[in-house]
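Tertiary structure, described
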Amino acid sequence: MFAITTLVAVSFSVGGAVLDADLSAALLWLILFFTSMAGLSRAFVQEEEAGTVTALRLAARPDAVFIGKYLFNVTLLFSLDVLVVPLFWVLLQQTVALPLSFLAVVLLGTAGLAGASTMVAAIVAKAGARGPLMTVLAFPVLLPLLLGAISSTRTCFVGDKAIAADLLFLFCYNGVALTASLLLFPYVWDE
Amino acid sequence: MQTKVVLKKLTKAYGRRRLFADISVIIPDRSVFVLHGPNGTGKTTLLRIICGHVPATSGEVEITVDGRLLAREERREHIGLVSPDLELYGELSAVENLEFFAGVRGLPFSLEKARNLLASVGLAGRGRDLVDTYSSGMKQRLKYAYALLHEPRILLLDEPTSNLDETGVAVVAEIIRRQKERGIVIMATNEPEEVSYGDQTLALGQPGTGHLAQGPAH
Amino acid sequence: MFWQILLGIWMTAVILASFLYMPATQGLGQTGRIIVYHVPAAWLAVLAYLISMLNAVGYLRRGELRLDRQARINAELGTVFCLVATVTGAIWSRAAWGWYWNWDPRQTSIAVLLLIYTAYFVLRSAVSDQARRARLSAVYSVLAFLTVPFLVFVVPRVYASLHPDLINLEQGSFDMDRKMLVVFLASLAGFTGLYAWMYKLVARLENLLDKLEQQKRGEAESER
C-alpha cells in the first residue's frame, strides 16, 4: 500500500514528465526500502507478541527458523517487485536499456534487502522496542546495498556501462549478509 | 529407556536481585517432580532454565537419556512444554498447528495421528477449527497435544490445569500418569491436589535455599 | 601522573610545531596543517571501532560482561575521534573544496560509520537487561562492520574522490616532506597516547562506580 501510494504521488506530482535516470533509480529503491522496513519489521515481533516464540523455539533449530523467515521475506518482497516494477514502468515512462540485467539487479537487490532486514528484525524483536528502531538499525547496514543497487539500476536504465561487476557486487553482498546472519542468528534467538 | 535430570547448584539472579540459589536435585526416571511456592519465586524461570531458554546465573542442568548426556541443542527433542506463556498459531487450525510443528521437528505426520492426539486431549471433532476461535480451556488442551507430539521423555508443565474444567483436569491427570510410565514430569503448580502427585516436591521462596521434600510414596 | 604531564607537554609541542615548525604543504597550502589533527583522529576512530568489534566477537564467544563493557567504551571513544575527524574534515573541505559537505567518498564512509554507531547506541539504550543488551549490540556491531567493506567498494565507483591520499601508492612513498612527517608522526603518537589514557580513565571510572554500587547494596542489606 505504501509502495503504491508513493509511486502514484510522485508520478502525479511530476505530471507525466520523464524523470532523470538517476532520480528514478533512487526513487525505486527508496520505495522498496521503506516498504520492506514497514513490512518485514513484523517478522519476529509478531511471534514475540503472540507468545508463539516459545513453542517455536522449543521445536525448531535456530538456523531452520532463520531460513524459514528469510525465505518468507524474500517471497514477500518478490511479490512486491512484481507489483511495483511494472507500475513504475507504466507511471514513470522509464525506458530500460538492459531489461535482463535490470531484472537480475532487482531480484538480487530485494533478496539482499530481505536477508539483512530479517536479521535486523530479529534483533529488534528481542530489543522489545517499538517504533522506528527497525529503520534506524537497518539503514546503515543496508546503505551499501542500496547505493550499489541504485547505481546499477541507473546503468540498466541508460545502458552506458558494463553491468557484470555490479551484479557480482550485489551477489557478494547477499552472500556475506546471509552467512553472517546464519552465524549470528543463534545468539539473538537463544538467551 | 532411562532418563535422568540433575540440577546442580542452580542459581538465578536478575541484576542484584537473587531469585533462588543453590538448587540441587536429582530427578530419577519414572517420577514426578513438583515445584511450588508463592508467585515470583522463580518456578517458571526454573522450568525455562531446564528448557535451556534462559541461562542460569550459575550451576548446571544435566539431562541424561539412555546413558548419554544431552547437549543443550539436543534437549528440544526430548522435552515437551505446556506453559501459560507458550501459545500456538491462532491463524491456523489445531491440525495445521500439529502438522507445522511435526514438520519443524522433522517428524512424519499423518492426519490419523493428529486425530488420535487431539482425541486424547478431548478435542475430537474440533481439529479443523482455527485456534483463534478456541476458548482458553481448549487452547490449554491443544498445548498438551503440542507438547506430546514428539513423545518426549521429559514433560514440563507450568500451571498444568489453568483454564481447565473438570474433565480437562482429569485428562491432565491421565497424561501425567502415562508420562510417568515412560519418563519424567516436572511441574510448577500451587494446586494442593497437583502438589500431591509429586514423588519429590520443592518449595521455592523459603529463606535460604529451596526446601526439598519427599512426597508421599506412590 | 608522569605520563599525563608528558602527554600534555607532547601535545602542546605538536600543536606549536604544526603552526610554527611545519612548512605549508605543497598544493594544499596553509590548510594542509590540519592533517596533523585530522588524519590521526580518523585512524584512531577506525582503530577504536575495530577493537570494539573484536571485543563484541569475544563477548559472543565467551559471554563475559567485561568484554561487552570494553566494546562499549571503545565504541564511545571511536565516536569521539570520529566526530573530531568529521569536523576537522569539514572545516578543511570548506577551505579547499568550497563547502563543508559534498559527499566525497571519504565523507560518505565516515558518515556511515557515525550512523552505524549511533544506531548501536540507540539499540543499547532500548534494552534494559544487561546480558541481552550485550548480546544484541554485539551481534549488531559485527553485522554492521561486515557491510562496511562493501561501502568502500561501491562508493568510489559512483563518485570519484577528491580526497588527497596520504600514501602515494604509485610511487610507494609518503607524499610529505621531512619536517612535516616528523610533526605528523609525533601527532599520531600523541593521539594514540591520548586514546590510551582516555580509555584507562573511563574504565577506572566505571570500576569505581561499580564498587560504589556494591558498597551501597552492602549497606542496604546490613540495614535490613
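Residues numbered from 1 in each chain as written. Chains lettered and ligands numbered in written order. Predicted model: local features only at pLDDT ≥ 70, side-chain atom pairs only at ≥ 80, totals over all residues. Heavy atoms only, no water.

So, the interface of chain A and chain C
Counted only if it meets this: Pairs of residues are marked as contacts when any of their non-hydrogen atoms sit within 4.5 Å. Two parts placed together each lose some accessible area under a 1.4 Å probe, and adding up what both lose gives the buried area. Note on definitions: salt bridges are taken to be side-chain nitrogens of Lys or Arg within 4 Å of carboxyl oxygens of Asp or Glu. Two N or O atoms count as a polar contact when they lie within 3.5 Å, although within protein this holds only if one can serve as hydrogen donor and the other as acceptor, and sequence-adjacent residues are included solely when both atoms are side-chain atoms. Any residue outside Ala, Val, Leu, Ile, Met, Phe, Trp, Tyr, Cys, Pro, Asp, Glu, Lys and Arg is labelled polar, Gly included; the first ten of those are nonpolar and the last four are charged.
Taken together, the contact pairs 30 residues of chain A with 26 residues of chain C. Taken together, the two surfaces of chain A and chain C that pack against each other cover about 2700 Å², and 79% of this comes from carbon and sulfur. The three residues of chain A that bury the most area against chain C are Pro140(A), Leu184(A) and Tyr187(A), which together make up 20% of that side's buried surface. Linking chain A to chain C there are zero salt bridges. Inspection of the region where chain A meets chain C yields three residue pairs in polar contact (both at pLDDT 80 or more). The residue makeup of the side of chain A that touches chain C, split by class, is 23 nonpolar, three polar and four charged.

A word on the packing of helix α2 (residues 21-40) of chain A against helix α6 (residues 99-127) of chain A
Residues and elements named next belong to chain A. Threshold: Interaxial angles span 0 to 180 degrees and are taken between N-to-C directions of axes, which are lines fitted to C-alpha atoms, for helices over the stretch in contact. Helix and strand labels come from DSSP, where a helix needs a run of H or I of at least four residues and a strand needs a run of E of at least two; each type is numbered from the N terminus. Left-handed describes a crossing whose near helix is turned anticlockwise from the far helix through less than a right angle; right-handed describes the clockwise counterpart.
Interaxial distance between α2 and α6 falls to 10 Å at its minimum, and their mutual angle equals 30°. When the axes of α2 and α6 are compared, the crossing they make is right-handed. Facing Leu28, Trp29, Leu32, Phe33, Ser36, Met37 and Leu40 of α2, the residues of α6 in contact are Phe102, Val105, Val106, Gly109, Thr110, Leu113, Ala114, Ser117 and Ala121. Taken together, the residues that form the contact of α2 with α6 break down as 12 nonpolar, four polar and no charged.

Notes on helix α4 (residues 136-148) of chain B
Put simply, the rule reads: How far a helix is expected to stretch is found by multiplying one less than its residue total by 1.5 Å. Three exposure classes are used, based on accessible area relative to the maximum for each residue type with a 1.4 Å probe and protein chains only: buried under 20%, partly exposed in between, and exposed over 50%.
Taking 1.5 Å per residue, 13 residues should reach 18 Å; α4(B) reaches 19 Å between its end C-alpha atoms and fits that length. Buried within α4(B) we find Gly137(B), Met138(B), Gln140(B), Arg141(B), Leu142(B), Lys143(B), Tyr144(B), Ala145(B), Tyr146(B), Ala147(B) and Leu148(B). Close packing links the buried residues of α4(B) with α4 (52-59) of chain A together with β6 (79-82), α2 (94-105), α3 (111-120), β7 (154-158) and α5 (166-182) of chain B.

Notes on the packing of aromatic side chains
The line we're drawing: Any two of the Phe, Tyr and Trp rings considered here, Trp counted by its six-membered ring, make a pair once their centres fall within 6.5 Å; the pair's planes then place it as stacked at under 30 degrees, edge-to-face at over 60, or tilted in between. The rule for a charge over a ring is simple: NZ of Lys or CZ of Arg within 6 Å of the ring centre, and within 35 degrees of the ring normal.
If you walk through the whole model with that rule in mind, you get 22 aromatic pairs over all chains. Ring geometry for Phe102(A) and Phe157(A): centres 5.4 Å apart, planes at 45°, overall tilted. Of this pair, Phe102(A) sits in helix α6 while Phe157(A) is found in helix α7 (residues 133-158), placing the two residues 55 residues apart along the sequence. A cation sits over an aromatic face here: Lys69(A) above Phe44(A), 5.6 Å from the ring centre. In this arrangement the basic side chain of Arg94(C) is found over the ring face of Tyr100(C), its NZ or CZ atom lying 5.6 Å from the centre.

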